[in-house]
Amino acid sequence: MQEFQTSHIPAPDSVAVELTVHSPEQMRELGRRLAKLLRAGDLVMLTGELGAGKTTLTRGLGEGLGVRGAVTSPTFVIARVHPSLGDGPPLVHVDAYRLGGGLDEMEDLDLDVSLPDSVVVVEWGEGKVEELTDDRLHVVIHRAVGDTTDEVRHVALRGVGERWAAVDLSVLSA
């Protein structure tokens, strides 16, 4: 397996790192590594075009968090809750793609109730869930557009808020 390539992104109000991922298995491994940094109350926002690897990353998060159930895209159910098999937090996996509005439309999902006790991962959440908390992790996945055989993904992770200020995201490339 090739190593992740890393570069740091300067951001005045956040901590950030950028990685290059070369395969779906590396994306899952990134999720497993990221899970070690997560705790109950964390909001992770995933952004990327269709097929970028958002669900693959979340599958790795589920493995790393040790949750029950296969992590699959929640596109048609909007949200899935994966309880912990141990003493860790459950994973709440949300797909906000079909939700057009902001937080008002998300209220029916009770994410504000789930957030303190869970790790909440929201695909397509940008512009919709930021109001849930001042502390969040933005993960943006870029892939070559139009070339479906290219497995290379560029992943930018940016922690926002006090929770992420002291988190060393560069350990994800180790």
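Residues numbered from 1 in each chain as written. Predicted model: local features only at pLDDT ≥ 70, side-chain atom pairs only at ≥ 80, totals over all residues. Heavy atoms only, no water.

Caption draft 1: Layout of the nonpolar core. One finds Leu 30, Leu 137, Val 139, Val 155, Leu 157 and Leu 169 to be the most contacted residues of the largest nonpolar core, which totals 28 residues. For this core, the secondary-structure elements that each account for two or more residues are strand E2 (14-21), helix H1 (24-35), strand E3 (43-48), helix H2 (54-65), strand E6 (119-123), strand E7 (136-143) and strand E8 (153-160). Here this core takes 4 residues from H1, the largest share from any one element. In contact with Leu 157, not counting residues within four places along its chain, are Val 15, Ala 16, Val 17, Leu 19, Leu 34, Leu 137, His 138, Val 139, Leu 169 and Leu 172. Counting 9 residues, the second-largest nonpolar core is a separate cluster that includes Leu 43, Val 94, Val 122 and Leu 132. (Core = buried A, V, L, I, M, F, W, Y, C linked by side-chain atoms within 4.5 Å. Buried < 20%, exposed > 50% of the residue type's maximum accessible area, 1.4 Å probe, protein only. Helix = DSSP H or I, 4+ residues; strand = E, 2+ residues; numbered from the N terminus. Contact = heavy atoms within 4.5 Å.)

Caption draft 2: Broad picture of the side chain of Ser 173. Note on placement: Ser 173 falls in the segment after helix H5 (162-165). For Ser 173, a relative accessible area of 16% corresponds to the buried category.

Caption draft 3: Here's a closer look at the pattern of salt bridges. Within this structure, the stated rule accounts for 6 salt bridges. Glu 29 is paired through a salt bridge with Arg 33; the nearest N and O atoms lie 3.1 Å apart. Within this pair, Glu 29 and its partner Arg 33 are both found in helix H1, separated by 4 residues, close to a single helical turn. Here Asp 42 and Arg 163 are joined by a salt bridge, their closest N and O atoms 2.7 Å apart. Pair noted here: Asp 42 is in the loop between H1 and E3 and Arg 163 is in helix H5, with a separation of 121 residues, a long-range link. Across this residue pair, the class does not change: Asp 42 and Arg 163 are buried. Salt bridges here are not isolated pairs; linked through shared partners, they connect Glu 25, Arg 28, Glu 29, Arg 32, Arg 33 and Glu 63. (Salt bridge = Lys/Arg side-chain N within 4 Å of Asp/Glu carboxyl O.)

Caption draft 4: Spatial organisation of the packing of aromatic side chains. Applying the stated criterion across every chain yields a total of 0 aromatic pairs. Above the plane of the ring of Trp 164 lies Arg 163, whose end atom (NZ or CZ) is 4.3 Å from the centre. (Phe/Tyr/Trp six-rings, centres within 6.5 Å; stacked < 30°, edge-to-face > 60°. Lys NZ or Arg CZ within 6 Å of the ring centre and 35° of its normal.)

Caption draft 5: Molecular detail of the environment of Gly 159. Tracing the backbone through its elements, the reader meets Gly 159 in strand E8. A C-alpha to C-alpha distance of 7.5 Å links Gly 159 and Asp 135, two positions 24 residues apart in sequence.

Caption draft 6: Up close: the side chain of Thr 58. Considering the arrangement of structural elements, one finds Thr 58 in helix H2. When residues no more than four places from it in sequence are discounted, the contact partners of Thr 58 are Leu 46, Val 71, Leu 91, His 93, Val 121 and Glu 123.

Caption draft 7: Spotlight on H2. With 12 residues, H2 extends 16 Å between its outermost C-alpha atoms, agreeing within 8% with the 16 Å of an ideal straight helix rising 1.5 Å per residue. By the criterion of burial, H2 is predominantly enclosed, with 9 of the 12 residues buried. On the buried face of H2, the contacting elements are H1, E3, strand E5 (91-95), E6 and E7. Gly 66 sits one or two residues past H2 and shows a positive phi near 70°. (Expected span 1.5 Å × (residues − 1).)

These results come straight from atomic positions and should not be treated as a statement about function.
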